[in-house]
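Per-entry structural report
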Amino acid sequence: MISVIIPAYNEEKNIKDVLKVLEKINIIDETIVVNDGSTDDTEKVVSIFNVKLINLKTNLGKGAALKRGIQAANGDVLVLLDADLIGFTPEHFNRLVKPVLDNKCDMAVGIFSSGRKRTDLAQKIAPFLSGQRTIKRDVLIDFINNSDVDILKYGIEVALTKYAKEKHLRVQHVQLENMTHVMKEEKLGFIKGFKARLMMYKDILKVWI
């Protein structure tokens, strides 16, 4: 059974494109969207789709939102996706889940390729930052039970990567061609977006160091 988990904070403009693609994929058993205290119409947009919607009253951060989604999931294979993907297709999804379904790895990490130069370069240099992952349920449950996930925020992917290394898990990188995501400066404007990016890097560095 496959469960897809999408954390979303103020993603009314982007998440529908991701959910439209997921609707076309028949191997998905459930899709869970964790609305992380959004102040826009994210909840309204998501409610149009056949998904399990978890509404958090306040913005807790990506780590806490993913934890709620993982706890609510029923699948033995969990797929973590960002809400702002561009160029996402069923082929990308199938490529991301196949290594885990075939038991060739415990965690598959999607790496943007040929999407746009800035996001491609960032993920080539630091693949541990990718939010697109397929992971066995027992791995994620052990991770959230033994990590202070609620305070990780944008450091969640780094923490997952470190956990996988410490546990000697099998990890495979999967190229996701012609795919990228909306950058913070595009969502919020240059100044607010730049500030949000700095806060994201701060969360990442806390976990990495």
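All figures in this text were calculated on a predicted structure; none of them were measured in a lab. (Residues numbered from 1 in each chain as written. Predicted model: local features only at pLDDT ≥ 70, side-chain atom pairs only at ≥ 80, totals over all residues. Heavy atoms only, no water.)

Another point: the overall build of the chain. Counting its secondary structure elements, the chain contains nine helices and nine strands. The buried share of the chain, reckoned over its 209 residues, is 51%. Sequence-distant contacts, at least 24 apart, represent 75% of the contacts inside the chain between residues at least 6 apart. If you sum the accessible surface of the chain, you get close to 10,600 Å²; carbon and sulfur atoms cover 53% of it. (Helix = DSSP H or I, 4+ residues; strand = E, 2+ residues; numbered from the N terminus. Buried < 20%, exposed > 50% of the residue type's maximum accessible area, 1.4 Å probe, protein only. Contact = heavy atoms within 4.5 Å. Areas by Shrake-Rupley, 256 points an atom, 1.4 Å probe, with all protein chains shown as cover.)

This part takes up unusual backbone geometry. Of note in the backbone geometry, Asn10 takes a positive phi value of approximately 55 degrees without being a glycine. With respect to the element layout, Asn10 can be found in the loop between strand 1 (2–8) and helix 1 (15–23). Although it is not a glycine, Asn103 adopts a positive phi angle of roughly 60 degrees.

As a further point, take the pattern of salt bridges. One pass over the full model with this rule turns up seven salt bridges. Residue Glu30 pairs with Lys52 through a salt bridge whose shortest N-O separation is 3.4 Å. Of this pair, Glu30 sits in strand 2 (residues 30–36) while Lys52 sits in strand 3 (residues 52–56), placing them 22 residues apart in sequence. Relative accessible area serves as the criterion here: at 11%, Glu30 is assigned to the buried category. Note that Lys98 and Asp102 form a salt bridge whose closest N and O atoms lie 2.6 Å from each other. Residues joined in a network through salt bridges with shared partners are Lys62, Asp82 and Glu157. (Salt bridge = Lys/Arg side-chain N within 4 Å of Asp/Glu carboxyl O.)

On to the sheet that holds strand 4 (residues 77–80), then. One open sheet accounts for seven strands, arranged 3-2-1-4-7-6-8; its pairing is mixed. Sheet topology places strand 3 and strand 8 (171–177) at the edges, where each strand pairs with a single neighbour. Strand-to-strand twist across the sheet, computed as the mean angle between neighbouring axes with direction ignored, equals 20 degrees. Of the strands in this sheet, strand 4 and strand 7 (133–136) touch helix 6 (residues 137–145), which is tilted by about 90 degrees from strand 7. Strand contacts of helix 7 (residues 156–166): strand 4, strand 6 (107–113), strand 7 and strand 8, with the helix running at about 45 degrees to strand 7, the strand carrying the most contacts. (Pairing = 2+ DSSP bridges. Axes fitted to C-alpha atoms, helices over the stretch in contact; angles between N-to-C directions.)

Our next topic: the packing of helix 3 (residues 62–72) against helix 6. Direction vectors running N to C along helix 3 and helix 6 enclose 130 degrees, while the axes themselves pass 11 Å from each other. Between helix 3 and helix 6, the interaxial angle falls into the category oblique. Of the two possible hands of crossing, helix 3 and helix 6 adopt the one that is left-handed. Contacts between helix 3 and helix 6 involve Lys67, Ile70 and Gln71 from the former and Arg137, Leu140, Ile141 and Ile144 from the latter. (Parallel < 35°, antiparallel > 145°, perpendicular 65-115°, else oblique. Left-handed = near helix turned anticlockwise from the far one by under 90°.)

Across its twelve residues, helix 4 (residues 90–101) extends 16 Å between first and last C-alpha, which sits within 8% of the 16 Å expected from 1.5 Å per residue. Looking at the buried residues of helix 4, the elements they touch are strand 1, helix 1, strand 4, strand 6, strand 7 and strand 8. Among the residues trailing helix 4, Asn103 stands out with phi positive, at a value near 60 degrees. (Expected span 1.5 Å × (residues − 1).)

Below, the discussion takes up the side chain of His92. Mapped onto the elements, His92 comes out in helix 4. For His92, a relative accessible area of 6% puts it in the buried group. In this structure the side chain of His92 is engaged in a polar contact, spanning 2.6 Å, whose partner is the backbone oxygen of Glu177. When residues no more than four places from it in sequence are discounted, the contact partners of His92 are Gly87, Leu176, Glu177, Asn178 and Met179. (Polar contact = N/O pair within 3.5 Å; in protein donor to acceptor, adjacent residues only side chain to side chain.)

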